[in-house]
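# Commentary on secondary and tertiary structure
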Amino acid sequence: DLKQTALREIEEESGLKKITLLGEVGIIKKFGRESDGERVYKVIHYFAGYCVGNHKTRPHPEDKHTETKWFSLSEAHMHCYFRQEAKLLNILKLPS
């Protein structure tokens, strides 16, 4: 199940456990490299969601992520590594 996989990945990479996913917002397909240099084809599913309760993050020490931060949607655009990720942010809307 993709939602369970997303929740597990969020917890592993950020330490956040009480996440509510609202739904999938897009898929990005691309080539990337594994830590050993092997070229792989990746299909990445992106979900919108929010954190309930404690928002303090702690990256997993064995993961390549050394830091996690919260950003507003407008700030998040400046931190996207790939143009496709920035496009996904454009379809998100904050509740009014």
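As a reminder, the structure under discussion sits directly above these lines.
This one's a predicted model, so the numbers in the text were calculated from it and none came from an experiment.

## Considering the overall build of the chain
- Summing up its helical and strand segments, the chain has 3 helices and 2 strands in all.
- The buried share among the 96 residues of the chain stands at 21%.
- Intrachain contacts of the chain at a sequence separation of at least 6 include 45% that bridge at least 24 residues.
- Entry remark: accessible area of the chain is about 7800 Å², with carbon and sulfur atoms responsible for 52%.

## Topic: the pairing of strand β1 (residues 19–33)
- As paired strands, β1 and strand β2 (residues 39–51) are joined by 13 bridges and run antiparallel to one another. By the bridge assignment, arginine 33 is partnered in β2 with arginine 39.
- Once β1 ends, the chain turns through 5 residues before running back antiparallel as β2, passing glycine 37 with a positive phi of about 95 degrees.

What counts as what
- Residues numbered from 1 in each chain as written.
- Predicted model: local features only at pLDDT ≥ 70, side-chain atom pairs only at ≥ 80, totals over all residues.
- Heavy atoms only, no water.
- Helix = DSSP H or I, 4+ residues; strand = E, 2+ residues; numbered from the N terminus.
- Buried < 20%, exposed > 50% of the residue type's maximum accessible area, 1.4 Å probe, protein only.
- Contact = heavy atoms within 4.5 Å.
- Areas by Shrake-Rupley, 256 points an atom, 1.4 Å probe, with all protein chains shown as cover.
- Pairing = 2+ DSSP bridges.

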